Amino acid sequence: MSMIEFKNVEKYYGNFHALKNINLKIDEGETVVLIGPSGSGKSTLIRTVNGLEEIQEGQLLVNGFDLHDPKTDMNRIRKNVGMVFQHFNLYNNKSTIENVMLAPRLVLKRDEAENKREAMALLEKVGLADKAANMPSELSGGQKQRAAIARSLAMKPKALLFDEPTSALDPEMIGDVLDVMRDIAKDSSMTMLVVTHEMSFAKAVADRVIFMADGEILEDSSTKEFFENPKEERAKQFLSQVADH
Amino acid sequence: MVTLGIFSAFTPQNVMYLLGGLGITVGVSIISVILSLIFGSVVGIIQFERLPYFSKFVGTINNVIRNLPLLLIIFFVYFALPKIGIHLPIFWATVVAMSTFESAMLAEIVRGGLESIDIGQFEGARANGLSNMQTMIYIILPQAYKKMIPPIISQLISLVKDTSLAMGIVLAEMTYRSQIIYAQNSTYIIPVLVAITLVYFVLNYGLSLIARWADHKLA
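Residues numbered from 1 in each chain as written. Chains lettered and ligands numbered in written order. Predicted model: local features only at pLDDT ≥ 70, side-chain atom pairs only at ≥ 80, totals over all residues.

By the naming in an unreviewed UniProt entry, chain B is Glutamine ABC transporter permease, taken from Leuconostoc citreum. Under Subcellular location (unreviewed entry), UniProt gives the following word-for-word description of chain B: "Cell membrane". (UniProt positions renumbered as here; feature names shortened; annotations may be inferred.)

An unreviewed UniProt entry lists chain A under the name Glutamine ABC transporter ATP-binding protein, from Leuconostoc citreum. Under the Sequence similarities (unreviewed entry) heading, UniProt states for chain A: "Belongs to the ABC transporter superfamily."

Listed below in structure tokens is the structure:
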């Protein structure tokens, strides 16, 4: 069953055509990496999946619900779709563990003792058990991002969206965050859509690679095919540019 | 003789009379502070939420009120409303006028405070599954109020001071009563005015100390 499906989706910011005729199907459990030059619409596309950006035309089915239908309850979609942001967006007024526990408590009405146990287990998993009581301002960038991942996982989502999760991090912090993401990708039931510039991560983890430019999907291939034999000229050019780094 | 005035101005009767005025000043202040914090927050949030038409409408009314002299609003509530059948006792007329004006002032502070919060805080919460209401209550408002404490307190200090404007409709608050007392004897003018100066200062300085404490505690 497909977890996320775009059918002829169009997105505009005023006169600017941000997403052009997007057709894309992501199955349950798949890990898909979205790459492309900046301004290509990757972030816009991923943000439409949990309704942070509205679409103007077409159909966008997430977990069976049409996001373009005004009757769809966005809160219900977001319960099942987590998101990890470039700038973490941790709750600045809450400690690390409270960041993880808040949504399960408020939205899922999870029992407090169980909530705490699960939150601690998640912090353990991302290597932040000793930072549970710290405020976000006391964490490094890499720690913040791992806390944000734990916060998303606490909702037990069916899909996780990653919007350039390592772009704001110092180079030495990136590895730990990618390790955590690799771990999540191993879970065969988790659907992951990742916008990233980390080609080594894409090669190692992605089932499929989507290449975007100027608001269009130019290439949608298996990871092996994309890196070994890209079809599109723009994709070849992009790969040669990022390969230098 | 000024010195003579100091001793004779503060007869037990006059002191009690002034304290009664202080009670009214403090009463109007406390009720107006509570009401304007509530309504100011609601109006500020409505303006911030940019609801179609409604936010614009509320914003326009808010703009009008903020640009009127408070004394005019007091006159309006006490003298004009009875003409259309709404009669308020003088104490409550003052409370309504003060609360209306201060709510409008506080709403601007609240709106500005909310707008200073990084959009990422909203997106993080919404993506995490929180409803709009939960996002406001648990994430946005606590962070915004922390930033708003200093301007809110300075607004509340001017509220306390502005209660003295109600002498314009002859509310027997502290400033009005002091006038009654020194009208009896001109040697009372300096001691009585100095006394109420001290009282206003203590009230408002107390408020600013609370503000500093809260700011320090929350920051």
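Following the structure, the description resumes.
J.: I'm lost on the sheet that holds strand E7 (residues 159–163) of chain A in this one. Help?
T.: Strands in a sheet are paired, the pairing made by backbone hydrogen bonds, and the direction either parallel or antiparallel. Residue and element names in this part refer to chain A. Taken together, 6 strands build an open sheet; the order of strands is E6-E7-E8-E3-E9-E10 and the sheet is mixed. Each having just a single partner strand, strand E6 (81–84) and strand E10 (216–222) make up the two edges of the open sheet. Averaged over all pairs of adjacent strands, the angle between strand axes in this sheet comes to 15°, irrespective of strand direction. Pairing of strand E3 (residues 31–35) with strand E8 (residues 191–195), which is carried by 4 bridges, proceeds in the parallel orientation. Bridge pairing in E8 links Val-33 to Val-194. (Pairing = 2+ DSSP bridges. Helix = DSSP H or I, 4+ residues; strand = E, 2+ residues; numbered from the N terminus. Axes fitted to C-alpha atoms, helices over the stretch in contact; angles between N-to-C directions.)

J.: Would you explain the UniProt feature "domain: ABC transporter" (unreviewed entry) in chain A in this entry?
T.: Sequence positions flagged by UniProt for "domain: ABC transporter" (unreviewed entry) are, in local numbering, residues 4–239 of chain A. Here residues 4–239 of chain A runs as 38% helix and 26% strand, with 26 Å between its end C-alpha atoms.

J.: Help me understand the confidence of the model for chain B in this model?
T.: As a note on interpretation, predicted positions should not be read in detail where pLDDT is low. A residue-level look at chain B finds 97% of positions with pLDDT of 70 or above and a mean pLDDT of 90. Across chain B, the secondary-structure element scoring lowest on mean pLDDT is helix H1 (residues 2–9) of chain B, at 67, and the one scoring highest is helix H6 (residues 119–127) of chain B, at 96. (pLDDT = per-residue confidence, 0-100.)

J.: Is there a simple way to think about the interface of chain B and chain A in this case?
T.: Size of an interface, as often reported, equals the accessible area lost when the parts are brought together. Tallying the contact residues gives 15 residues for chain B and 20 residues for chain A. Residue assignment for the side of chain B that touches chain A shows that the elements contributing at least two residues are H6 and helix H7 (132–162) of chain B. With 6 residues, the top contributor of residues to the side of chain B that touches chain A is H6(B). When its residues are assigned to classes, the side of chain B that touches chain A shows 5 nonpolar, 8 polar and 2 charged. (Contact = placed C-beta atoms within 7 Å. Nonpolar A, V, L, I, M, F, W, Y, C, P; charged D, E, K, R; others polar.)

J.: Even after reading the chapter, I still don't get the packing of helix H3 (residues 96–106) of chain A against helix H5 (residues 141–153) of chain A, so can you show me in this structure?
T.: Helix-helix packing is described using two parameters, namely the angle between the two axes and the distance between the axes. All names here are of chain A. Remark: H3 packs on H5, axes separated minimally by 8 Å, with the N-to-C direction vectors making an angle of 25°. One finds that H3 runs roughly parallel with respect to H5. Crossing geometry of H3 relative to H5 is assigned as right-handed. Judged by residue contacts, Thr-96, Asn-99 and Val-100 of H3 engage Ala-147, Ala-150 and Arg-151 from H5. For the contact of H3 with H5, the class distribution of residues is 3 nonpolar, 2 polar and 1 charged. (Parallel < 35°, antiparallel > 145°, perpendicular 65-115°, else oblique. Left-handed = near helix turned anticlockwise from the far one by under 90°.)

J.: What's the story with helix H6 (residues 171–186) of chain A in this structure? I'm lost.
T.: Note: α-helices contain 3.6 residues per turn, so residues at a spacing of three or four share the same orientation. Residues and elements named next belong to chain A. With 16 residues, H6 should reach 22 Å at 1.5 Å per residue; the first-to-last C-alpha distance of 24 Å fits that figure. Those residues of H6 that sit buried are Val-177, Val-180, Met-181 and Ala-185. Take H6 and look down its axis: the buried residues cluster within an arc of 145°, on one side only. Facing away from the buried side of H6, by more than 90 degrees, are the exposed residues Glu-172, Asp-183 and Lys-186. Tucked into the core, H6 has its buried residues touching E3, H5, E7, E8 and helix H7 (199–205). (Expected span 1.5 Å × (residues − 1). Buried ≥ 20, exposed ≤ 12 C-beta atoms within 10 Å, placed from the backbone. Arc of directions from axis to C-beta.)

J.: Sorry, what's going on with the sheet that holds strand E5 (residues 65–66) of chain A here?
T.: All names here are of chain A. Within the open sheet, the 4 strands sit side by side as E2-E1-E4-E5. Their pairing is antiparallel. The open sheet has two free edges, formed respectively by strand E2 (16–27) and E5, since each of these has just one partner strand. Bridge count between strand E1 (residues 2–13) and E2: 8 bridges; the pairing is antiparallel. Along E2, the bridge assignment pairs Tyr-13 with Phe-16.

J.: How should unusual backbone geometry be read in this particular structure?
T.: One can expect most non-glycine residues to show negative phi and most peptide bonds to be in trans. Despite not being glycine, Phe88(A) has its phi angle at roughly 65°, a positive value. Judged by local crowding, Phe88(A) falls into the buried class, with 24 C-beta atoms found within 10 Å. Unusually for a residue other than glycine, Arg50(B) sits at a positive phi of about 50°. As for its position among the elements, Arg50(B) is in the loop between helix H2 (12–49) and helix H3 (54–66).

J.: In this structure, what is going on with the nonpolar core? I would like to understand it.
T.: Soluble, globular proteins show a tendency: their nonpolar side chains are buried together. Ranked by internal contacts, the top residues of the largest apolar core, which has 109 residues, are Leu34(A), Ala150(A), Leu161(A) and Leu193(A). In terms of residue count, helix H5 (residues 90–115) of chain B provides more of this core than any other element does, 13 residues in total. What Leu193(A) contacts, discounting residues up to four positions off in sequence, is Ile4(A), Ile26(A), Val32(A), Leu34(A), Ile46(A), Val49(A), Ala159(A) and Leu161(A). Grouped together as the second largest cluster of nonpolar side chains are 8 residues, Ala9(B), Met174(B), Val192(B) and Ile196(B) included. (Core = buried A, V, L, I, M, F, W, Y, C linked by C-beta atoms within 7 Å.)

J.: Explain the packing of H3(B) against H5(B) to me, please; I cannot follow it from the model alone.
T.: Residue and element names in this part refer to chain B. At a closest axis distance of 9 Å, the pairing of H3 and H5 adopts a crossing angle of 115°. The two elements H3 and H5 cross, and the hand of that crossing is left-handed. Here Asn-62, Ile-65 and Arg-66 of H3 come into contact with H5, specifically with Thr-100, Phe-101, Ala-104, Met-105, Ala-107 and Glu-108. Grouping the constituent residues of the contact of H3 with H5 by class yields 5 nonpolar, 2 polar and 2 charged.

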